[in-house]
Amino acid sequence: MSARALLVDIHTHIYPPRPTGKGNSETEERLVILNDEPGGGRPVGPQYWDRAEKLKFMDRHGIDISVISTANPWLDPIPASEAVSLAEDLNTDLEEFCSGSPLLSSDPSFKRLYGLGLLPLVSGVPIQSILDTISQVSSLPHLKGVIVGTRGLGKGLDDEALESVWEAIAKAGLVIFLHPHYGVAEGREWGHYTVNPFWGVRPSPIPQDLTRPFWGMPATTLVPPLIVCNARPVVSGRLKHDVRWYLGKLWFDAVAYGPEELEFVSAVIGRAERYTDAHADLSVQTALTVDAVQSSKREGSGRMLWGTDHPFFPPLDGNEKWKSVVENLRAIDNVTSWSETDRLAVRGGNAIALFDLTS
C-alpha cells in the first residue's frame, strides 16, 4: 500500500488517566469539559483512554494511522505549580502509548499511532519551563507536534511573552494543532489587538482570538506549518500581506465539512498567492479563468487533512459506524474539482508529509 493511499486520522483524542484518575475501571464515569455541562458532565469510559479501544475503532473504520492528542481543556484548569511536571509526565505517557502500538501490517515502516504533546500554557508558568517542555517533546520520536488552545498564558496567542515559544516550536520542526475550546466573548480583548469574531463551518464555539497570532502580529512571528481546526476569519489588517495570503500558509482539518465547504476552503488556500501585497489595488487584478479556479481548488487540497474527533459524538446504536468517519469521507469523495490523487492526499498523504510520519 502506498503512503498516499493510507487513511490517516489527525483529529482524534484521548483523556490520559494521569490527571483525571481514570483508566483503572471499565465503568462509565462523567467528565466536565465545558462550563454548564448538562447531566453532570459527559459520560466517559475506556474509549477515552484505552489504546486497545482506539485501535479497535481504527480497525472497524479502516483507519491506518492516528495522530492522537489530549482533548480540551488540556492543562488549563491545573495550577501553575503542577502544570510543568504534569505536562512532561503526560508527554512521556503519550510517547509510550504510541510507541507501544503495533506496526502497520500493510507497511511496517509506519506505527499505527503517533501523538501531539502538551505544553504547560498556564498563567504563572515561566517561559523557560515551556521552552524546556518543547525540547522534551522534540526528543520523543513518536510525538510530532503539540496541541494548544487559544488562551495562551491568559493574554491570547499574540502575547509578546510567547514569541520565543513560537520560535522554539518552529526551530524544533514541530506542528502546532490549534484547537478551539473557548467561545467568543463579545467586546473582549485578548492581547494587543481587537479583531471581529469569526465563525467557522464546524458547529462549535469558535474562539475570537484564533486570528490574532497570525494577523495581529508581525509576519515574522508566524509559525507555519500549522493546523487550524476551523478558519474563515474576518479581520481588519495592519499587515505586511493581505489577510488572504496568510490563509494559504495554514493547514486545515476537514472535520465536519460537506463537499461544498471543502471545495470553498481549498479554493481559498489555492488562490492565496494572488494576495501577497496587503496594499495592492485589487480592482485592477485580472479575474481568474475557469481553468485557473479549478486549478486553485486542486492546489488548495494539498493543505487539507482528515479527522474524526473520536471519541466524541459516538453513534446511538453501538453497531453503527461513526458519522464523523462516514460523512467526512463522503464529503472528500464528493468534491467535484478534486482528482482521485487529491482525495487520497487529503485522506492521508498530506498528513504523512506534514508530520513526517516515516521518520
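Visitor: Quick rundown of the overall build of the chain? Include the residues and the values.
Guide: Of the regular secondary structure elements, the chain holds 11 helices and 10 strands. Considering only residue pairs separated by 6 or more positions, the chain has 75% of its internal contacts joining residues 24 or more positions apart.

Visitor: Could you give an account of the environment of Gly145, naming the residues involved and the relevant values?
Guide: Position of Gly145 relative to the elements: it lies in strand S6 (residues 143-148). Gly145 gets classed as buried once you look at its relative accessible area, which sits at 0%. In this structure the C-alpha to C-alpha distance between Gly145 and Val67, which are 78 residues apart in sequence, comes to 9.6 Å. With residues up to four places along the chain from it excluded, the contact list for Gly145 reads Gly115, Leu116, Gly117, Val137, Leu174 and Val175.

Visitor: Account for the pattern of salt bridges, naming residues and giving values.
Guide: Counting across every chain of the model gives five salt bridges. Of the charged contacts, one joins Lys297 and Glu263 as a salt bridge, the two residues approaching to 3.8 Å between their closest N and O atoms. Of this pair, Lys297 sits in helix H9 (residues 290-300) while Glu263 sits in helix H8 (residues 259-270), placing them 34 residues apart in sequence. For the pair Lys297 and Glu263, one class covers both residues: buried. Among the salt bridges present, the one from Glu340 reaches Arg343, with a minimum N-O distance of 3.6 Å. Of this pair, Glu340 and Arg343 both sit in helix H11 (residues 340-355), three residues apart, which is roughly one turn of that helix. Residue classification places Arg343 among the buried positions, given a relative accessible area of 12%.

Visitor: With reference to specific residues and values, describe the pairing of strand S7 (residues 175-178).
Guide: Taking every second residue as pointing to the same face, both faces of S7 are buried, with Val175 and Phe177 on one and Ile176 and Leu178 on the other. Looking at chain direction, S6 and S7 are connected through four bridges and run parallel. Bridged to Val146 within S7 is Ile176. A crossover connection joins S6 to the parallel S7 through helix H5 (residues 163-172); in handedness this β-α-β unit is right-handed.

Visitor: Summarise the packing of aromatic side chains; cite the residues concerned and give the values.
Guide: Under the defined criterion, the tally for this structure stands at five aromatic pairs. Seen from their ring centres, Tyr48 and Phe312 are 5.8 Å apart, and the 75 degrees between their planes marks the pair as edge-to-face. Of this pair, Tyr48 sits in the loop between strand S3 (42-44) and helix H2 (51-61) while Phe312 sits in the loop between strand S10 (304-305) and helix H10 (323-333); the two residues are 264 residues apart in sequence, bridging distant segments of the chain. Both residues of the pair, Tyr48 and Phe312, count as buried. Taking 6.3 Å as the distance between ring centres and 55 degrees as the angle between the ring planes, the aromatic pair formed by Phe312 and Phe313 counts as tilted. What makes Phe313 exposed here is its relative accessible area of 60%. Among the aromatic residues, ring-to-ring pairing joins Tyr15, Tyr48, Phe312 and Phe313 into one connected group. The aromatic ring of Phe97 is capped on one face by Arg51, whose charged end is 5.8 Å from the ring centroid.

Visitor: So what's going on with the side chain of Asp159? Residues and values would help.
Guide: Locating Asp159 in the fold gives a position in the loop between S6 and H5. At 5.2 Å, Lys155 is the nearest oppositely charged side chain to Asp159, a buried residue that forms no salt bridge. A polar side-chain atom of Asp159 sits 3.0 Å from the main-chain amide nitrogen of Ala161.

Visitor: Give a description of the pairing of strand S5 (residues 113-117) that names residues and reports values.
Guide: With five of its five residues buried, S5 lies for the most part within the structure. Alternating positions in S5 separate into two faces, Leu113, Gly115 and Gly117 on one and Tyr114 and Leu116 on the other, with burial throughout. With four bridges connecting them, strand S4 (residues 65-70) and S5 associate as parallel partners. By the bridge assignment, Ser69 is partnered in S5 with Leu116.

Visitor: If you had to explain the packing of helix H4 (residues 127-139) against H5 to someone new, which residues and values would you point to?
Guide: As a packed pair, H4 and H5 sit with axes 10 Å apart at the nearest point and diverge in direction by 15 degrees. Taken together, the axes of H4 and H5 are roughly parallel relative to one another. The hand of the H4/H5 crossing is right-handed. Contacts between H4 and H5 involve Ile127, Ile130, Leu131, Ile134 and Ser138 from the first element and Ser164, Val165, Ala168, Ile169 and Ala172 from the second. Of the residues contributing to the contact of H4 with H5, the split by class is eight nonpolar, two polar and no charged.

Visitor: Outline the nonpolar core, listing residues and values.
Guide: Core analysis: the largest hydrophobic core is formed by 79 residues, its most contacted members being Val8, Leu119, Val165, Ile169, Leu262 and Phe355. At eight residues, the largest contribution of residues to this core is made by helix H3 (residues 80-99). Excluding anything up to four places from it in sequence, Ile169 contacts Leu119, Ile134, Val146, Leu174 and Ile176. Core analysis: the next-biggest nonpolar cluster, separate from the first, contains five residues, Tyr15, Tyr48, Trp49 and Phe312 among them.

Conventions adopted
- Residues numbered from 1 in each chain as written.
- Predicted model: local features only at pLDDT ≥ 70, side-chain atom pairs only at ≥ 80, totals over all residues.
- Heavy atoms only, no water.
- Helix = DSSP H or I, 4+ residues; strand = E, 2+ residues; numbered from the N terminus.
- Contact = heavy atoms within 4.5 Å.
- Buried < 20%, exposed > 50% of the residue type's maximum accessible area, 1.4 Å probe, protein only.
- Salt bridge = Lys/Arg side-chain N within 4 Å of Asp/Glu carboxyl O.
- Pairing = 2+ DSSP bridges.
- Right-handed = clockwise from strand over helix to strand, strands pointing away.
- Phe/Tyr/Trp six-rings, centres within 6.5 Å; stacked < 30°, edge-to-face > 60°.
- Lys NZ or Arg CZ within 6 Å of the ring centre and 35° of its normal.
- Lys, Arg positive; Asp, Glu negative; His and termini not counted.
- Polar contact = N/O pair within 3.5 Å; in protein donor to acceptor, adjacent residues only side chain to side chain.
- Axes fitted to C-alpha atoms, helices over the stretch in contact; angles between N-to-C directions.
- Parallel < 35°, antiparallel > 145°, perpendicular 65-115°, else oblique.
- Left-handed = near helix turned anticlockwise from the far one by under 90°.
- Nonpolar A, V, L, I, M, F, W, Y, C, P; charged D, E, K, R; others polar.
- Core = buried A, V, L, I, M, F, W, Y, C linked by side-chain atoms within 4.5 Å.

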